[in-house]
Structures are given as structure tokens and as C-alpha cells.
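# Architecture at a glance
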Amino acid sequence: MTLSVRPLPFQLLHNDINCIHHQTHSLLLNPKSKIISSHHSHITTAVSVKIKYDGQASSKTTTASTKTLSNIKPSNYSTLIQDCISSSSFELGKSIHAQMVSVGYTPDTYLQTKIIMLYARSGGVDDLCYARVLFDNMRERNSTTWNTMILGYAHVGNHTEVVKLFFRMHRSGFVLDKFTFPSVIKAFKAMGEIHGFSQVQTLIIKTGLNHDLVVGGTLVDGYTEFGLVDDAIIAFNEIKEKNVIIWNIIFSGYLKEIRWEEAWRFFHKMQTLGFHPDKFTFATALRICSSLSSPSRGTQVHAKLIVYGFEGDIFVGNSLVHMYSRCNDYDSCLKVFDEMEEKDQVTWNSIISAKAHFGHFSESLMLFSRMCSMGFKSDRFNLGSILMASAGLSDIKTGYVHEREAEKAIELYHNMRMEVNVDPDQFTFTTLLTLCTDYENHYQGKSIHAHLMRTNQMQNMVIETELVHMYTTCGMMQYAQEIFDRMLEKNAYSWNSMIEGYEQNEQIEEALQLFQRMQIQGIRPDAFSLASILSIITTLCEAIKGKEIHGFMVRHSMEKEEILRVMLLDVYAKCGVMDYASKIYYRSVTKDVTLHNVMISAFASSSRLNDAKNLFDKMEERNTVSWNCLIGGYAKSGYNKESVGLFRKMQEENVELNSLTILTMVNLCGDLPCLYQGEKLHGLIIKKGFENSSVVLATSLIDMYAKCGAIKKARRVFDNMNETNIISWNAMINGYSKHGVSEESLLLYEQMQRKGIYPNGVTFLSVLSACSHTGLIEEGLTIFISMVENYRIEPSAEHYTCMVDLLGRAGLLEEAMEVIKKMPIKPEISTFGALLAACRLHNSVEMGKLAAKELFVLDPQNSGHYVLLSNIYAAEGNWKEVENIRKLMKEKGVRKEPGISWIMINNEKHVFHAGSKSHSRTEEIYIILRDLTVRMKKLGYIPDAHFILRNVNDVSKEKEEHLLQHSERLAIGLGLISLPENSIITVFKNLRICGDCHTTIKLISKITGRQIIVRDLNRFHHFENGECSCGDYW
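Residues numbered from 1 in each chain as written. Predicted model: local features only at pLDDT ≥ 70, side-chain atom pairs only at ≥ 80, totals over all residues. Heavy atoms only, no water.

Attention now moves to the overall build of the protein. Looking only at helices and strands, one finds 52 helices and nine strands in the protein. By the burial criterion, 50% of the 1034 residues in the protein qualify as buried. By sequence separation, contacts in the protein at least 24 residues apart represent 62% of the contacts at least 6 residues apart. (Helix = DSSP H or I, 4+ residues; strand = E, 2+ residues; numbered from the N terminus. Buried < 20%, exposed > 50% of the residue type's maximum accessible area, 1.4 Å probe, protein only. Contact = heavy atoms within 4.5 Å.)

A word on the sheet that holds strand β6 (residues 985-989). Pairing within the open sheet is mixed, and its six strands lie in the order β5-β4-β6-β7-β8-β9. The outermost strands of the open sheet, each flanked by one partner alone, are β5 (908-913) and β9 (1027-1028). Taken together, the three bridges between strand β4 (residues 900-905) and β6 define a ladder with antiparallel strand orientation. Each bridged residue has a counterpart across the sheet, and for Ile903 the counterpart in β6 is Val987. Of the strands in this sheet, β7 (1012-1015), β8 (1020-1024) and β9 are in contact with helix α52 (residues 995-1008), which crosses β8 at around 40 degrees. (Pairing = 2+ DSSP bridges. Axes fitted to C-alpha atoms, helices over the stretch in contact; angles between N-to-C directions.)

Contact geometry of helix α8 (residues 194-207) with helix α9 (residues 213-225) gives a least axis separation of 12 Å together with a crossing angle of 155 degrees. Of the possible angle classes, the one that applies to α8 and α9 is roughly antiparallel. The crossing of α8 and α9 is left-handed. Facing α8, whose interface residues are Phe197, Gln201 and Ile204, α9 presents Val215, Leu219, Gly222 and Tyr223. Taken together, the residues that form the contact of α8 with α9 break down as five nonpolar, two polar and no charged. (Parallel < 35°, antiparallel > 145°, perpendicular 65-115°, else oblique. Left-handed = near helix turned anticlockwise from the far one by under 90°. Nonpolar A, V, L, I, M, F, W, Y, C, P; charged D, E, K, R; others polar.)

Structurally, Trp1034 is set in the segment after β9. Trp1034 sits in the buried class, given a relative accessible area of 13%. For the pair Trp1034 and Gly740, spaced 294 residues apart in the sequence, the C-alpha separation amounts to 8.8 Å. Filtering out sequence-adjacent residues up to four positions away, Trp1034 remains in contact with Arg809, Arg992, Ile993, Cys994, Gly995, His998, Asp1016, Arg1019 and His1021.

Right, let's talk about unusual backbone geometry for a bit. The residue after Leu672, namely Pro673, is reached through a cis peptide bond having omega -15 degrees. The topology assignment puts Pro673 in the loop between α35 (659-671) and α36 (675-688). The residue Cys541 is not glycine, and still its phi comes out positive at about 60 degrees. Turning to its location among the elements, Cys541 is positioned in the loop between α27 (527-540) and α28 (543-555). A positive phi is found at Arg792, a non-glycine position, where the angle reads about 55 degrees. Within the secondary structure, Arg792 sits in the loop between α42 (777-789) and α43 (797-809). Taking the relative accessible area as the measure of exposure, Arg792 reaches 69% and is therefore exposed.

Glancing now at the confidence of the model for the protein. When pLDDT is low, close inspection of the predicted coordinates is not appropriate. Across the protein, the average pLDDT comes to 83, with 83% of residues at or above 70. Within the model, the stretch residues 393-408 combines pLDDT values under 50 with 36 contacts to residues more than four positions away or in other chains. pLDDT under 50 marks residues 419-424. Its contacts with residues more than four places away, or in other chains, come to 14 contacts. (pLDDT = per-residue confidence, 0-100.)

This part is about the packing of helix α24 (residues 477-486) against helix α25 (residues 492-504). Two elements in contact, α24 and α25, have axes separated by 11 Å at closest approach and are oriented at 160 degrees. Here α25 runs roughly antiparallel to α24, going by the angle between their axes. The chirality of how α24 crosses α25 is left-handed. Of the residues in α25, those touching α24 at Met477, Ala480, Gln481 and Phe484 are Ser494, Trp495, Met498, Gly501 and Tyr502. Of the residues contributing to the contact of α24 with α25, the split by class is six nonpolar, three polar and no charged.

For the rest of this paragraph, the subject is α25. End to end, α25 covers 18 Å across 13 residues, agreeing with the expected 18 Å (1.5 Å per residue, within 8%). Every buried residue belonging to α25 is among Ser494, Trp495, Asn496, Ser497, Met498, Ile499, Gly501, Tyr502 and Glu503, and all of these are buried. Buried residues belonging to α25 abut α23 (461-473), α24, α26 (508-520) and α27. You can read the cap of α25 off the contacts: a side-chain oxygen lies 3.1 Å from the backbone nitrogen of Tyr493, and it is on Asn491. (Expected span 1.5 Å × (residues − 1). Polar contact = N/O pair within 3.5 Å; in protein donor to acceptor, adjacent residues only side chain to side chain.)

The next point concerns the packing of aromatic side chains. The tally for this structure, following the rule as stated, stands at 33 aromatic pairs. The ring of Tyr926 carries Lys917 above its face, with NZ or CZ at 5.6 Å from the centroid. (Phe/Tyr/Trp six-rings, centres within 6.5 Å; stacked < 30°, edge-to-face > 60°. Lys NZ or Arg CZ within 6 Å of the ring centre and 35° of its normal.)

This part covers the pattern of salt bridges. Taken as a whole and judged by the stated rule, the model has 28 salt bridges. Across the pair Glu924 and Arg921 runs a salt bridge whose closest N-O atoms are separated by 2.9 Å. By relative accessible area, Arg921 is classed as partly exposed at 26%. Here Lys989 and Glu968 are joined by a salt bridge, their closest N and O atoms 3.0 Å apart. Residue Lys989 is found in strand β6, and its partner Glu968 is found in helix α51 (residues 967-978); the two are separated by 21 residues along the sequence. Given the relative accessible area of 8%, Lys989 is considered buried. It is possible to trace a salt-bridge network through shared partners that takes in Glu91, Lys94 and Asp127. (Salt bridge = Lys/Arg side-chain N within 4 Å of Asp/Glu carboxyl O.)

Let us look at the side chain of Thr922. Looking at where Thr922 falls in the secondary structure, it is placed in helix α49 (residues 922-938). There is a polar contact of 3.3 Å between the side chain of Thr922 and the backbone oxygen of Lys917. Setting aside chain neighbours within four positions, we find Thr922 in contact with Ser916 and Lys917.

With 13 residues, helix α31 (residues 593-605) should cover 18 Å at 1.5 Å per step; its first-to-last C-alpha distance of 18 Å lies within 8% of that length. Among the 13 residues that make up α31, ten are buried, leaving the element largely enclosed by the rest of the structure. Considering only its buried residues, α31 is in contact with α12 (260-272), α29 (562-574), α30 (578-587), α32 (609-618) and α33 (624-636). Downstream of α31 by a residue or two, Ser607 has a phi angle that is positive, lying close to 65 degrees.

Below, the discussion takes up the pairing of β4. In this sheet, β5 lies alongside β4 in antiparallel orientation, the contact comprising six bridges. Each bridged residue has a counterpart across the sheet, and for Ser901 the counterpart in β5 is Phe912. Here β4 folds back onto β5, and the loop between the two strands holds two residues, one of which, Asn906, carries a positive phi near 50 degrees.

With respect to the secondary-structure elements, Gly152 resides in helix α5 (residues 143-155). Residue classification places Gly152 among the buried positions, given a relative accessible area of 3%. Sequence spacing of Gly152 and Gly123 is 29 residues, and the spatial spacing of their C-alpha atoms is 8.0 Å. Excluding its chain neighbours within four sequence positions, the residues that come into contact with Gly152 are Ala120 and Leu128.

Together, Glu311, Asp338, Glu339, Glu341 and Glu342 make up a region of like negative charge exposed at the surface. With respect to the helices and strands, Glu341 occurs in the loop between α16 (330-339) and α17 (345-357). (Patch = residues over 30% accessible without salt bridge, like charges linked within 9 Å, V, L, I, M, F, W, Y side chains within 5 Å. Areas by Shrake-Rupley, 256 points an atom, 1.4 Å probe, with all protein chains shown as cover. Lys, Arg positive; Asp, Glu negative; His and termini not counted. Charge placed at Lys NZ, Arg CZ, Asp CG, Glu CD.)

Considering the arrangement of structural elements, one finds Ser529 in helix α27. Residue Ser529 is classed as buried on the basis of its relative accessible area, which comes to 1%.

What follows deals with the environment of Leu219. Mapped onto the elements of the fold, Leu219 is located in helix α9. Sequence separation between Leu219 and Gln201 is 18 residues, and the spatial gap between their C-alpha atoms is 7.4 Å.

What follows is the structure in C-alpha cells.
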């Protein structure tokens, strides 16, 4: 019998399964096929079938000496075909079909469906095409027929044909059942078609099959694949009878979207509802603990899996080793490994990787040798760990990567490959490139890049992307861009690496342009792309762009992504759009500790400290970051007492302090300033092992000690640093500058350059300030010119202000004014402020009036400008103008900032105003100061009436008493009667110290033999043995 078939339209559309046949297929009885039914007869026959396709016919005849099919009853065909399908005896089934064709038997719809099922399930492309021929020639079909063809195409991965058949079936009015939907859902998932997926979901809901375990489970799996975990949860909740597999799918979805806290809560919910976790559940739970770096939760899971009897499971054991490794619990990691009765390749790879992770590089190499000796093979995973271990060692044999000899590292790998027959692959080279990235070693990275080019291994998207990532991390964006542009294939990770690189290298516009290109190229941004862009928007502080990204997230159902939600809230908060930030927070159904923390930080940053505190108090779970946010918020807003109180409470509750906690408090101690608390924190840093763990923390200690007057302690911290950067050098140079030790500032300025650290704008501000405070005019001018000509740094208004200050302090007021006139940028308030201060120092009334006139326009509410001009008039005895200034201040509503000084005695702050008599020891203070005045006069002291800025009677005794009541003298008086004789007296003043007090304190230091430190508005003065560190130049 000959069957002629024309080419079908669907056959011309798909190259993956070409169903256009130009040959004859002989469907023969397989002589070796096992008889599976009692319905077979027992005679010998020859079966020959001729099938004609596309108008051409050919035949092939085979005679099989086996049990014959000639006596099969037609009523048994259906049963026999089903038996063949069930036992996967497809060749025998085709032989039975051939017999049916040879005898001219015409099957009914039911049997036709069975025959189609036979060919569709055989797995052969030709058989599937023949099944389609039979399907298209059927006069009548049923739902099973359609499902059979859909399932057949799904089996070979022809998702397009699955979708086409599905919609044809639906339009033809056939019932869509639980056998139809799973294949279609998987097809849309594989094609990445979320809209088609949503259409199918609507049909599923209409049929009520969303409650079915199989169909509903496929929906859940699809949603998690699309990253729509919240929709997956809805689909999950609609399934009536769930099993552990469905729960595991949700866990995987949460992990994929980095929603670890929610995954953890879901794990608990599963057990609460009475579902028993399997080994995959426990493995996923352990991954959650790894991701959260939570050893306490990992220990809980460990205990539960023992209860459920999974302790000896090798798969779970491997997950435990990995979890303890990532949670930095070395002892537990090793213990689990040692107690595992059975170990596989993954087990060994995990422990070798763990050893390398913990820095036990030699042990990692020893374990590798032990593993090989036990018959396990070296593979690309453990070789990656071995390369990492090699990177951590510095001996000639294994330190190739560490010593920047990448070619030798590759040679080592090739030698190992020759010995253990492991071919190099992308994992090996990406491991090497990752090491280069971690060390930020572009020299080594370039060597690997060259090796890849020589060995023609560059046409690999993963390797090319890792090269891009390495170059962007090393700041070599041009190299990265060239590789990126030459890539024939790019995925989201490739684009994300470039975008993140531009963001980290502060090339904002390039990052935004690349983000737009990514979308034009049809690559949909994922959570990582959007995270980089949101970070950029936060830097730019552009709320409008934030709203655009917010809209994109809503349109693509990404607003519920935990990380993006947190970052978006942060964007709105930092852009000052607190209404939007609050809406995101309060509309979030699930709020984890991270979201709470960001909201606390947002409230604190916008000075809504009560809201921040209320939210903090309501949190059921807090972590160190929660405390840090509130402590930092109080400190930033000047609520020092509350900040210190919260820090103490944190210690009382045994909350783990991290380096950021201590950093905030160290900075606070510097701002107060409070040396006693700062020293205690330094001790805590040493105790916690943070001393050499952070350049930032060490730099903050330098700054704190310098601000507290302990410049020698600041230098000790600097000298003990294992690693320094430009910020730490600037902190030390600035500290010396503020203390008037210009020689040390200039010396460090030279040293940092010799060490290869180039000065930046902040460095030059500190060095120029040091020159200004000590009158080093020539040096200051030379450094300013060097900054512009040698280092190509464009001077800012602050740099010009330093030059005005440098010249003005030296009395070169005309030259200072000339600098202001010729500045290429607009002078700032501080620029005219420096000129006015110089005029006060040198009693230049006319130029002082010019400077004050500008300041009264630029900064009309600053009382300091009015006071300086008033002091200039007062020094000249022009009391009429002094009174006019006071009237002007009154008219403008300007209040003079009162001059105060304070001193710390037994960790308690004592504050004095000029003429204060409210202190409990006032009488003793005045007695010692009057006694010292008598002794100073014997050394030649004459009170300087120029620093009496009020119109008092011309009586020397009254003037002398007035000067004696200056706030800094009262604070020093308290120090003399309260502090031990060998201790340093440190006083802080909010205004500039007057000339008479400066002279007086020098004499007090000589008479008492005490070292006295006074920090005024501009700098520190170190008084000792009748001398001041400023050399009377300030």
C-alpha cells in the first residue's frame, strides 16, 4: 500500500526538524523484538511496506524469521500498539503498524491516535514527522490526538510548533486539559515569552486547572523562571494538594531573585504546615544560610536535617561543607567533612575550595594530592581552587599567580592537564581572570589575555565577559570597551559588567548611554543592570530619572524584587523625595530587616529622627546595621548625647559591633572633640582585631587624634598602618597643618610622592594651609604653581582662598586683593572671610570695609563678619562705628555667636563664657588667675588694651580684670586646679584666640611648667615653657 503526502506548511518553517521527506521508509518487523502480548500468532512472514512522499516512491523489503503477525485480529491492534508504547518497543510497534497497512486495515480515530502516539514518542525526528503526516491526514481528531502531537514536539524541543498546535487546538474547540497545558507552559518558558505565558495562565484559570498539582506546579515553575516570584506564590497558593517538589521550586525562585530572608521564612512555613523537607529542600535551605552568611541559621538547619535522617546523605553533606565554608565556620566545615562516611568528587572539591577560602593554601594543595591518590579525578572545579591556593603562596613552585607570573601559572595548569588529562576550559581561565580582578592586577590580566589570543580561545562569551570585568575593575575602561565591542555574542552579564564598570569608574554618562543601547539591542535589563543604574541615579541625585526606572520596573513586574525595592527607596530618600520613599516602604507587603534599615536611614538623613527612632523601636528583628543607621543619624544631626547613649545601649545588649559602628563613634569623638572616649574606642578596635583591617578606620583614628589635640598619637597610628592611601596621607598632612607643624606637613608631602602616591586637590589645600599658618609665602606660591603646572589640577575657590589667607596673614593685603580680582572663578564667602580676618590682624580699616561689604551681601546672617569689622573699629578706638555695627546687626536680626571655651575634666565637659561666674569652683579659678597675673607682671607682662573690644573706663585695673575674664583663661584656670600636675591641659574655643590671651598662656605655661593646648577656630596652639608652636604667627 502506498501513502502519498504533500509537504505541509509547518514543515517549511522549521529547520530544526525538517519533515520534508524525499525517500521511502520501510516499516519492518524487528526479528529481535520481544513478544509483549499473548495476542501474537506463530507463523513466519515477510513484511514489506512502500510509502510514497512528495510524489516519489521507493521500496525496501525485509523478511524476518520470527513469530508472524499475519493472524493478528484487528480487535487486538489497539492493545498491541499500547503495549509497545508502554514498554518502549517502538520498532515492534512500527512493524505492527506496517502489517496493518499491508492488509489494508483502516483504523478508527482511537487507534489512529495510538499510532501517532507510537511514532511521536519514539524520539526519532523522522518518526515525529511521520506522526505529523498521520495527524494532518486524520479526518477526525480528539483532545488526546492533539496532546500527543504537542507532547511529541515538546520532547524534541520544537517550542514554536508546540505553541502553534496549542492555539490551533484551542481555536478548533477541543477541550484543553491537564495533559495539554504543561508542555505549552514549558514552551513559553523556554522561548522567554511572558505575554504568551500569561495568556495560557488565563485559560488555565478558566478551566479550573490552576488547582491541579501538575498544571499548577508547571505555572509555579514558569513564574520563578521569569523571575516573578510573587506571582509564583499566588499560583502556589491556588494548588489544592501540594508536594515537596512544589515547595522546592519556590525556594529556588527566591534564591534566584536573591530574596534570601523570604526564602528563609518560607522554609519555616513549610515545616509549620506539616510538609517534610527532602534532601533538596535542606540543600536549598543551606544555600540560603550561605547567602545570608548566617552560621546560626545554618546550625538550625543542620540540627533539623539530622532529625529527618539526612545526616548521612552525601548531597546534603556537600551542602553543609559549602555552607560552613561560606559562613567562615572552619571548624564545623572540617568536622562535617571528616564525619562523612561517603565522599564523592563534589565533596572533595568543596573541602579543597573551603581550605583555599580560609587561606589554608598548603592544606588545600595537600588535600588535592590526597584526593587524586584515592582515585578521584582532577576537574575544572578543583583546579580552580588549586590555582587560587597557588595565588596565596609565595614560594617559587606555587606562587605564580601571586608573583604576577601568569604565563607560568598557565604552564603549571597545562602540566597538570597533561598528567591528569583534563582539558582547559572557560572555567580555568575565568578563575585566573577572577584572581586578577580580586588583586586588581592588570599586568597579570594582560598576560592571560595575550595567552588567550595566541591560543585562539577568545571567541568565548564567558571568557570575553570575564576579561571585560577584569579590565573595568582595574579601571582600564578603554580596553574593556574594545573587547566588549568586538564580542559577537553578549548576554545580560556582559552588558552589566560594562555598565557597572562605568559606574564604578564614575563615568556616569557612558553608563547611562550603554544602558539605553542594551535595551535597543533587545537585551532586557535585569536586577543587576537596574541596580547599577539606580546607584548612578543616587549619585546624580536626580529623582526624575529614578521615577523613570521605577516606571520601567512596574511595566516589567520587577518592583517587587527585594534588592531593587530597597535601592529605589534609597534613591527617593537621597533625592529628598520622602513621600515616594515612604510609599514604597509602607506598600511593601513583606518588610525584611534590610528594608527597615534603609527606611531608618532615610528618616535619619532627612532629620526625621523621631520617625527613625519609632521605626527602630518597632522592629521585631534588628541587626548591627539597624543600630548603625540610628547612631549615625543622631551623630550627623548633632544629637551627640543620644548617639553616645545608643552606642552604650548597643554594648549593654551585646549587639555585635562592626567596623562601621566604631567608625561612626570615632568620627563623633573627633567632632566633639573627646580624647578620652576616642582612646577607649581605639582600645576596642585593637581588642576586636580591627586595627589593621581597614584603611578607613585607621584614617578616622588619625583624624580623631588630630582634632583632639593628640597629634603625636595620630602620627603613631599613621606609622603603624600596614596599608595607606591618599586619604590617610591627607589626614596626617592636614593634622600637622592644623597644629601648625608645617615642617612635618611639607616633609610628608614630599614622602608621599616618593612612594608613588600623587597629591590631589585635598592634599594641596592642607599643604597650602600649613604654609599659610606659618608664613611660608615662597613655599606656598611654589606649591600652588606646581599644582597647576606639574599636576594639572585646576584650582578651586578653596585653593584661591588659601592663597588669599597666605598673603593676607603676611600683611600683603594688596596682593591678596589682587588674587581675588584675578580669580577665574567667582570668589566664595570664605575667600572674602580670609581677607577680612587678615584686615583684622593687621588693622586695615579701609580694606576691611571692602571685604565686609561683600560678605554682608553674600552671607548677611553670619554674625562673625560683623564682629570682625566691629573689632577692627574697636582696635582703632572708633566706638561710634562699633555702635553702628551693633545697630546694623539688630536691624537685620543678626545675633552674635557668644564666645565660649570648654575643657574636659574626668570625662565631663565644662563650658565657660567670658566673665562666667556660675561654675562651682569660680572663686578658686579667679584666685589662681589673679595670682598668675601678678607673677606674669614680674616677667614683664603688660595687658594689651587693643584686645578689649568694649568701651570700658580708662582704668588699667578694670581693663586687666576684663582681659582676665576671657573664656579660654577661665577654662585653663579650672584645668590648673583640677588636673594632675603632669597632665596636659587641653582647651577648645569656638572663636579665634585673642593676642593678649596668647601672650598670657605662654607665660602661664612657663610659670607652671604645664603643657597647654588650645584649639581655636582656625588651628591648634601648643604652649610649653613660654613658647607656642605657632611661633606667634597665626
